[in-house]
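A closer look at the structure
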Amino acid sequence: MKFKNFARASAFVLGGSIAVHAHADYTYQLTWQDGASNQLTGSLTVNTLVIPNTTNSTTTYSFGNITSAPTWVTGASVTYGGVTYNDVSGLTRVIARTSGVTLDTSSTNFKSSFTDINLFTFSGSPSCAVGSTTPQGLSPFVLRTCSGSTATDWTLLSVIYGSGSGVSSVNLAPNAYALRSVYNIQSAALNAGLSYDCNVFDKEGICLSTGGRYSTTNSPQATTTSGLLIGSYKYDKNVRLGAWVDQNLSTQNADGIKLSNNAPLFGVFGVWAERNDGLGYEVKVSAGYGDKDVTVTRTSTNEGSSKVNSRGLQTVSSYGIALDSNWIAAPYVGMKYVSLKRGGYTEGGSSALTYDNLRQESTSVITGVKFTGKIDPKTFTVLSAGVEQDLNNNVGQYSAGSSNTTAFNSNVQKTRPVVTAGVFYDIDKTQRVGLNAIHRQEAFQSTASTTALATYTVGF
C-alpha cells in the first residue's frame, strides 16, 4: 500500500485542494490528553484517506466513511457507545492544524500534533449526565468523559496512521511541500540576479554598485535578505562587461527546512548597446550560479543535508523607441534557462531514508516591454511587464526509493507573468541611488515571489 497511489482524485476541504483516493480500510491510532497529561488512545478505521496539501500555514486532513467504531483504552477497555455519528455513510470530518507543528512520518507512523481541532461532529449534549461514563463530543475539545458528575475533557494530541500494521511507504508530502519554499526563494534570487546591471561610468570606465535584496514567496512562505555587490567595466563605447555577488544574510523557510547562508550566488553579464541613451538596439547576456546547503528534518530523529544547485542563463534583445522627449519604450524578446537541483542524501537516525536527486528546470521564451521615463532632470523611473512561456520543463519526483515517492510539482505553471517597477535618482553624474521591485509567478501553481532591491551606484 503506497502513499503515492492515494493521491489521484481531487477534493476541496475548507476551500483548499487536496488529493484523495478511495482504497481499502485505513486504521488510525488517535491519542487524546487531558490537563493532567493523562492520555487516552483509540483506533479509528475509515475507507477514505486524504493526503493533505498545505495552504496558508494550515494543513487539512479529511477522514471519510467510518467503517468501525473506535475502542478507547485507558488502562481497561471502554467501548465507545451511546454517541451517534452524523451521516455515517458519507462522513467527512476535518482536522485543521496551525503552523509550527512537527510531523513524524517514519516507516510505520504518520503522526502529527494538532491545535484547534474539530475532528468529529456528534449529536447530543456535550454535558455529563450523572453516572454517565459515555464519551461525548465537545468543541474545542474532541472528547469528554464522565465519572459521576465529574467531566474530563481531552484534546487531540496525535494521529498515527498504520502504527504496527507493517506500512511499507512513508508519506513524503509534508516535506515535499516544505521544500518548495527553497526552490521558490532560490528561483526568485536567481531571476533577480540575471537582471543585475551597472551602467554609471566616469573616466576610468568602471562602475560599482552595492546594496541589498529582500525576496519573499508564498505557498509556502519563505524570505531571504541579502547583500549585493555589482561591478562592470566599459570595454568600449558599445560594450560593458560585469559580474555580481549576492550573499544571503538571513533566511526563513517552511517548518522542517533550513537553507544556509554559507555560500553566495554569483554571476556575470555582458551588454552591447547601439547607443548610450537607451535608444536603438541592445543585447544582454547574463548567467548566474550558486550552491547552498539545505537541511531537511522529517522527524525528530530523521534529518539529512544536501546542496541545492542553482544555475541560469539568459539572453535578451531589445529596441528602444522614443515616445516623446521624456519616455522610451523598449520591446524585448529573449530566451532563459533555469535549473534548480537538490542533490541526493541519506538521513541520519533509525528508519533512515535515502533520497534521490530532485531537479526542476525549464527553457523559456521571454517577451515584454520596458518603459523608461524622466520624472525630473535627476530622477527617472523604469516600468516593465512581460511573460515567460516554457518551451520545455523537467520536474523530478520527490522520492526516497521506488516505494516512497510523491509528486513535487504535478501541475507546472508554464506561463509566468513578470512585472517590475523602479525609481532612480542621480546624485550627480557619477552617483545614483535606486529602488526596484520585481513581482513574478513561480513554477508552482498559486505561488508568486516579490523581490525588492535598494542600490547605491558610483562610476569611476
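Refer to the structure above for everything that follows.
All of the points below concern the structure found in this document. Keep in mind that what you see is a predicted model, and the values were worked out from it rather than measured.

Rules behind the numbers
Residues numbered from 1 in each chain as written. Predicted model: local features only at pLDDT ≥ 70, side-chain atom pairs only at ≥ 80, totals over all residues. Heavy atoms only, no water. Helix = DSSP H or I, 4+ residues; strand = E, 2+ residues; numbered from the N terminus. Polar contact = N/O pair within 3.5 Å; in protein donor to acceptor, adjacent residues only side chain to side chain. Contact = heavy atoms within 4.5 Å. Disulfide = S-S within 2.5 Å. Buried < 20%, exposed > 50% of the residue type's maximum accessible area, 1.4 Å probe, protein only. Phe/Tyr/Trp six-rings, centres within 6.5 Å; stacked < 30°, edge-to-face > 60°. Lys NZ or Arg CZ within 6 Å of the ring centre and 35° of its normal. Pairing = 2+ DSSP bridges. 1 Å grid on protein atoms, 1.4 Å probe; cavity = no way out; pocket = protein on both sides within 12 Å on 5 of 7 lines; lining within 4 Å. Points joined across faces, edges and corners; volume = space filled by probe spheres on them. Nonpolar A, V, L, I, M, F, W, Y, C, P; charged D, E, K, R; others polar. Salt bridge = Lys/Arg side-chain N within 4 Å of Asp/Glu carboxyl O. Core = buried A, V, L, I, M, F, W, Y, C linked by side-chain atoms within 4.5 Å.

Relative to the helices and strands, Asn 175 is located in helix H1 (residues 173-193). Within the structure, the side chain of Asn 175 is placed 3.3 Å from the backbone oxygen of Thr 297, a separation counted as a polar contact. Other than its neighbours up to four places away in sequence, Asn 175 contacts Val 296, Thr 297, Arg 298 and Tyr 398.

This part covers the state of the cysteines. Tallied over the entire structure, the rule returns 1 disulfide. Disulfide pairing is shown between Cys 198 and Cys 207; the S-S distance is 1.9 Å. Between Cys 198 and Cys 207 the disulfide shows an S-S torsion of about -80 degrees. By sign, it is left-handed. Overall, Cys 207 belongs to the buried group, its relative accessible area being 0%.

On inspection of all chains with the given rule, the structure shows 9 aromatic pairs. For the pair Tyr 345 and Tyr 355, a centre-to-centre distance of 4.7 Å together with 15 degrees between the ring planes defines the contact as stacked. One end of the pair, Tyr 345, is in strand S21 (residues 345-346); the other, Tyr 355, is in strand S22 (residues 354-355), and 10 residues separate them in sequence. Note on Tyr 355: relative accessible area 3%, which makes it buried. One aromatic cluster is present, built from ring pairs that chain together Tyr 183, Tyr 345, Tyr 355, Tyr 398, Phe 408 and Phe 444. If you follow Lys 284 out to its NZ or CZ, it ends over the ring of Phe 269, 5.4 Å from the centre.

Our next topic: the pairing of strand S15 (residues 239-252). The sheet contact formed by strand S14 (residues 222-234) and S15 spans 12 bridges and is antiparallel. Residue pairing across strands places Ser 232 opposite Gly 242, the latter belonging to S15. In textbook terms, the turn of a hairpin is the stretch between consecutive antiparallel strands, and for S14 and S15 this stretch comprises 4 residues. Inspection of the sheet shows S15 paired to strand S17 (residues 265-273) by 8 bridges, in the antiparallel sense. Counterpart to Arg 240 in the pairing with S17 is Val 271.

For the rest of this paragraph, the subject is empty space enclosed by the protein. In total, this model carries 3 cavities of 30 Å³ or more according to the counting rule given. Counted as a void, the largest cavity has a volume near 180 Å³. For the lining of the largest cavity, the secondary structure elements donating two or more residues are H1, strand S20 (327-342), strand S23 (358-376) and strand S24 (379-395). Of the residues in the lining of the largest cavity, the class split is 5 nonpolar, 6 polar and 7 charged.

Bringing the pattern of salt bridges into the picture now. Summed over the entire model, instances satisfying the criterion amount to 12 salt bridges. Here Glu 388 and Arg 440 are joined by a salt bridge, their closest N and O atoms 2.8 Å apart. In this pair, Glu 388 sits in strand S24 while Arg 440 sits in strand S28 (residues 431-441), placing the two residues 52 residues apart along the sequence. For Glu 388, a relative accessible area of 4% gives the class buried. Look at Arg 440 and you get buried, because its relative accessible area is 6%. The partner of Arg 432 in a salt bridge is Asp 426, with the nearest N and O atoms 2.6 Å apart. For the pair Arg 432 and Asp 426, a shared accessibility class is recorded, and that class is buried. When salt bridges that share partners are traced, they join Lys 336, Glu 388, Asp 390, Arg 416, Arg 440 and Glu 442 into one network.

Among the nonpolar cores identified, the biggest contains 23 residues, and Leu 179, Val 182, Tyr 183, Tyr 398 and Phe 408 are the most heavily contacted of them. Elements represented by at least two residues in this core include exactly H1, strand S16 (257-259) and strand S18 (280-297). In terms of residues, this core owes the most to one element, H1, which gives 6 residues. Formed by 16 residues, the second largest nonpolar core is a distinct cluster that contains Ala 192, Trp 244, Leu 265 and Val 418.

So, on to unusual backbone geometry. For the peptide bond that leads from Ser 219 to Pro 220, omega is -5 degrees, which places it in the cis range. Counting through the fold element by element, Pro 220 comes out in the loop between strand S13 (206-217) and S14. One non-glycine residue, Ser 219, lies in the positive phi region at around 50 degrees. For Ser 219, the location among the structural elements is in the loop between S13 and S14. According to the relative accessible area criterion, Ser 219 is partly exposed, its value standing at 22%. Of note in this structure, Ser 446 is not a glycine but carries a positive phi near 60 degrees. For Ser 446, the location among the structural elements is in the loop between S28 and strand S29 (448-459).

With that settled, consider the side chain of Ser 364. Within the fold, Ser 364 resides in strand S23. Here Ser 364 falls in the buried class, since its relative accessible area comes to 1%. Residue contacts for Ser 364: discarding those within four places in its chain leaves Gly 334, Met 335, Lys 336, Glu 388, Gln 389, Asp 390, Leu 391 and Arg 416.

On the secondary structure map, Val 294 appears in strand S18. Once residues within four sequence positions are removed from consideration, Val 294 is found in contact with Leu 179, Val 182, Ile 257, Lys 258, Leu 259, Gly 304, Ser 305, Ser 306, Val 308 and Arg 342.

By themselves, these observations are geometric and do not establish any function.
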